[in-house]
Amino acid sequence: MNGFFDDLRLWFKSIDPLIRGLLISFVVVYAVSVIAGPDFVRQFGLTPHSVLRERKLWQPVTWFFVHGGLLHILFNFGLFWFFGAPALQRWGREEFVKYLVVCGLGSAALVVMLSPNSTIPVLGSSGAGYGLIVSFALIHPDATLFFFFIPVRASSLPVFLLVIELFLGLSFGSPHISHAAHAGG
C-alpha cells in the first residue's frame, strides 16, 4: 500500500506547478466554503442577479475557485491536467493564464447574459475546462480521444460537447449543472 502512495506523490509532483497550484486552491477554497457555510457560496459563487443588481463584480472571478464538492473539483482538475498541460507547455505560463482568464470570464458572461435574474449561484471552473478542450483540439486536432467508448477526433470533440450541452440545457435543465457555463468556456 505504501508503494501506491509513493506513486501518487510522485505523479502529483510531476504535474506542472501552475496546474497543481490551481488544484490546491480549489481544495482550500472548498474547505473554507464547507466551514463558512452557504453564505460563502452566495458571496463568491457567480449569481447573475447579484452581479447585475448588487454590483458584486468580484463574482465573475471568484466563482472559478468555488466548487460544489470533491467530485466537481476532481472533474475540473482532470480537465486542467489532461487538456491544459499541452496548452501550458506550448504557450507558456503567461499566455496559458490569459487564456484561462478569457475562458472563465467568457463563461461567466454567458451565464449572466442568459439568466440575468437568477439568484442561484453557479460554481466552478468547468467553463474554463471546456475552453481547455478547445485548446487541445487546436494543438492536437488529429488526436483520437474516447468519449466514454466512442472514439472522437480532438478537433470534433468541442463541437460534439457543445451540441450535448445545448441539448441538455434546452431539454433537461438541471438546477445543479450550468450548461451555459460549460458552453461559454
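Coordinates for the structure precede this section.
Residues numbered from 1 in each chain as written. Predicted model: local features only at pLDDT ≥ 70, side-chain atom pairs only at ≥ 80, totals over all residues. Heavy atoms only, no water.

Caption draft 1: Local environment of the overall build of the protein. Looking only at helices and strands, one finds 10 helices and two strands in the protein. The order of helices and strands in the protein, counted from the N terminus, is α-α-α-α-α-α-α-α-β-β-α-α. Each of the 185 residues in the protein was classed as buried or not, and the buried ones make up 37%. Sequence separation of 24 or more characterises 70% of the internal contacts of the protein that already satisfy a separation of 6 or more. (Helix = DSSP H or I, 4+ residues; strand = E, 2+ residues; numbered from the N terminus. Buried < 20%, exposed > 50% of the residue type's maximum accessible area, 1.4 Å probe, protein only. Contact = heavy atoms within 4.5 Å.)

Caption draft 2: Examining the packing of aromatic side chains more closely. Evaluation of the coordinates by the stated rule reveals 12 aromatic pairs. Where Phe 82 meets Phe 83, the ring centres are 4.8 Å apart and the plane angle is 85 degrees; that geometry is what we call edge-to-face. The exposure class of Phe 82 is partly exposed, given its relative accessible area of 41%. Given the relative accessible area of 10%, Phe 83 is considered buried. Among the aromatic residues, those joined into a cluster by ring pairs are Phe 26, Phe 64, Phe 65 and Phe 80. (Phe/Tyr/Trp six-rings, centres within 6.5 Å; stacked < 30°, edge-to-face > 60°.)

Caption draft 3: Seen up close, the pattern of salt bridges. Taken as a whole, this structure holds six salt bridges when the rule is applied. With its nearest N and O atoms 3.5 Å apart, the salt bridge here joins Glu 94 to Lys 98. Highlighted residues: Glu 94 and Lys 98, both in helix H7 (residues 93-114), separated by four residues, approximately one helical turn. Judged by its relative accessible area of 43%, Lys 98 falls in the partly exposed class. (Salt bridge = Lys/Arg side-chain N within 4 Å of Asp/Glu carboxyl O.)

Caption draft 4: Molecular detail of the environment of Ser 107. Locating Ser 107 in the fold gives a position in helix H7. The class of Ser 107 is buried, set by a relative accessible area of 0%. Along the chain, Ser 107 and Ala 128 lie 21 residues apart, while their C-alpha atoms are 7.2 Å from each other.

Caption draft 5: Quick look at the packing of H7 against helix H8 (residues 126-139). At a closest axis distance of 8 Å, the pairing of H7 and H8 adopts a crossing angle of 125 degrees. Classified by the angle their axes make, H7 and H8 are oblique. Crossing angle aside, the handedness with which H7 passes H8 is right-handed. In this structure, H7 contributes Phe 96, Tyr 99, Leu 100, Cys 103, Gly 104 and Ser 107 to the contact, and H8 contributes Gly 127, Ala 128, Gly 131, Leu 132, Val 134 and Ser 135. (Axes fitted to C-alpha atoms, helices over the stretch in contact; angles between N-to-C directions. Parallel < 35°, antiparallel > 145°, perpendicular 65-115°, else oblique. Left-handed = near helix turned anticlockwise from the far one by under 90°.)

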